[in-house]
Amino acid sequence: SQQGEEDPQALSIQEGENATMNCSYKTSINNLQWYRQNSGRGLVHLILIRSNEREKHSGRLRVTLDTSKKSSSLLITASRAADTASYFCAFQNTGGFKTIFGAGTRLFVKA
Amino acid sequence: NAGVTQTPKFRVLKTGQSMTLLCAQDMNHEYMYWYRQDPGMGLRLIHYSVGEGTTAKGEVPDGYNVSRLKKQNFLLGLESAAPSQTSVYFCASIRAAATDTQYFGPGTRLTVL
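Here's what I pulled together on the structure shown here. (Residues numbered from 1 in each chain as written. Chains lettered and ligands numbered in written order. Predicted model: local features only at pLDDT ≥ 70, side-chain atom pairs only at ≥ 80, totals over all residues. Heavy atoms only, no water.)

### Focus: the overall build of chain B
Note the following rule: Secondary structure follows DSSP: runs of H or I at least 4 residues long count as helices, runs of E at least 2 residues long count as strands, and numbering of each begins at the N terminus. Using C-alpha atoms as the atom set, the radius of gyration is obtained and then compared with a globule rule of 2.2 Å times the number of residues to the power 0.38. Accessible area is worked out with a 1.4 Å probe on protein chains only. A residue is then buried under 20% of its type maximum, exposed over 50%, and partly exposed in between.
Looking only at helices and strands, one finds zero helices and eleven strands in chain B. What you see in chain B, going N to C, is helices and strands ordered as β-β-β-β-β-β-β-β-β-β-β. For 113 residues, the compact-globule formula gives about 13 Å, and the C-alpha radius of gyration of chain B, at 13 Å, lands near that figure. Seen through its principal axes, chain B has C-alpha atoms that stretch 40 × 30 × 25 Å. Residues classed as buried in chain B amount to 49% of the 113 residues present.

Here you go:
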């Protein structure tokens, strides 16, 4: 399968704690993206990191990319109950028009 | 801008019936995609289009057909629905490959009995 692999599959934390999700892939990529999906809704783009970048920040989000290990991580700091959602990594293979999605991490933040 | 819209939002079909899902975007995007999402899984690409009049197969194209007669619309057809096609279908669009960010519609929940 071309799909990315994410771990953990599910994560439950207390409000205020940090949440870390990991994504691994198998091919060469142009970029890697992270999306968020609230239950029953479409996906919302969070952040994109290009293959020549190692780290990127957006508000409480921090994404790292290690192309030698073919892996990425998403860190959400000071989590809130409203962060409860599923988070998906997605990547574009080099030379392709397609975006490949991972199976997602379900995050539950307890108030 | 309405962004990406999908019609209908919900549908129940009987095995063997046909239907068409409509995706529309008002952002003048070149690329459009149809995905399906099954419980506990990520999105799998069904078909995609890199411009008006073009279509291409994704990961799971069997049982589906698509058309992109107008740049703003991407239609997904099920000619003879099967229970295995019960899923949530998402449409997405991208302005151009260099932009990379996909904008998603709200989804269509399809049940095939």
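Now that the structure has been shown, the text picks up again.
### Quick word on the packing of aromatic side chains
The cut-off we apply is this: Centres within 6.5 Å are what make two rings of Phe, Tyr or Trp a pair, Trp counting through its six-membered ring; a difference in plane orientation under 30 degrees is then read as stacked, over 60 as edge-to-face, and the rest as tilted.
Summed over all chains, the structure comprises nine aromatic pairs over all chains. A ring pair is formed by A:Tyr35 and B:Phe104, whose centres lie 5.6 Å apart and whose planes are at 85°; its orientation type is edge-to-face. Taken together, the residues A:Tyr35 in strand E4 (residues 29–37) and B:Phe104 in strand E10 (residues 103–104) connect one chain to another. The class of A:Tyr35 is buried, set by a relative accessible area of 0%. For B:Phe104, a relative accessible area of 12% corresponds to the buried category.

### Looking at the pattern of salt bridges
Note that side chains of opposite charge can pair when their charged atoms are close. Residues and elements named next belong to chain B. Rules: Here a salt bridge means any side-chain nitrogen of Lys or Arg lying within 4 Å of a carboxyl oxygen belonging to Asp or Glu.
According to the stated counting rule, one finds seven salt bridges over all chains in the structure shown. For Arg 36, the salt bridge is made with Asp 38, and the minimal N-O distance between the two is 3.0 Å. For Arg 36, a relative accessible area of 8% puts it in the buried group. Asp 38 sits in the buried class, given a relative accessible area of 11%. In this structure, Arg 44 and Asp 38 form a salt bridge, with 2.6 Å as the shortest nitrogen-oxygen distance.

### Brief notes about the environment of A:Glu5
Residue and element names in this part refer to chain A. Here is the rule: Contacts are assigned to residue pairs with any non-hydrogen atoms lying within 4.5 Å of each other.
Inspection of the secondary structure puts Glu 5 in strand E1 (residues 5–7). Looking at Glu 5, the relative accessible area reads 49%, which means it is partly exposed. Distance in space between the C-alpha atoms of Glu 5 and Thr 105 is 9.7 Å, their sequence separation being 100 residues. Once you skip the residues sitting within four places of it in the chain, Glu 5 turns out to touch Asn 22, Cys 23, Ser 24 and Lys 26.

### Re the sheet that holds strand E3 (residues 19–25) of chain B
All names here are of chain B. Defined as follows: A pair of strands is treated as paired once DSSP finds two or more bridges between them. Each axis is a line fitted through C-alpha atoms, and for a helix only the stretch in contact is used; angles between axes span 0 to 180 degrees, taken between their N-to-C directions.
Taken together, the four strands give an open sheet; going across it, the order is E1-E3-E8-E7, and neighbouring strands pair in antiparallel fashion. Looking at strand neighbours, the two that pair on one side only are strand E1 (4–7) and strand E7 (65–67), the edges of this open sheet. Each neighbouring strand pair of the sheet contributes to a mean axis angle of 20°, computed without reference to strand direction. Relative to E3, E1 is paired through four bridges, and the arrangement is antiparallel. By the bridge assignment for E3, Thr 7 is matched with Leu 22.

### Things to note about the interface of chain B and chain A
What counts here: Reported buried area values correspond to the accessible surface (1.4 Å probe) lost by two parts on association, with both partners' losses combined. Nitrogen and oxygen atoms within 3.5 Å of one another constitute a polar contact, given that in protein one can donate a hydrogen and the other can accept it, and given that sequence-neighbouring residues count only through two side-chain atoms. Amino acids outside the nonpolar list (Ala, Val, Leu, Ile, Met, Phe, Trp, Tyr, Cys, Pro) and the charged list (Asp, Glu, Lys, Arg) are all regarded as polar, and Gly is one of them.
At the interface, 25 residues of chain B touch 21 residues of chain A. The largest contributions to the chain B side of the interface with chain A come from B:Leu43, B:Asp100 and B:Phe104, which together make up 27% of the buried area. At the boundary of chain B and chain A, one finds zero salt bridges. At the boundary of chain B with chain A, the tally comes to three residue pairs in polar contact (both at pLDDT 80 or more). Residue assignment for the side of chain B that touches chain A shows that the elements contributing at least two residues are strand E4 (31–37), strand E5 (43–49) and strand E9 (87–94) of chain B. By residue class, the composition of the side of chain B that touches chain A is 14 nonpolar, seven polar and four charged.

These figures capture arrangement, not role.
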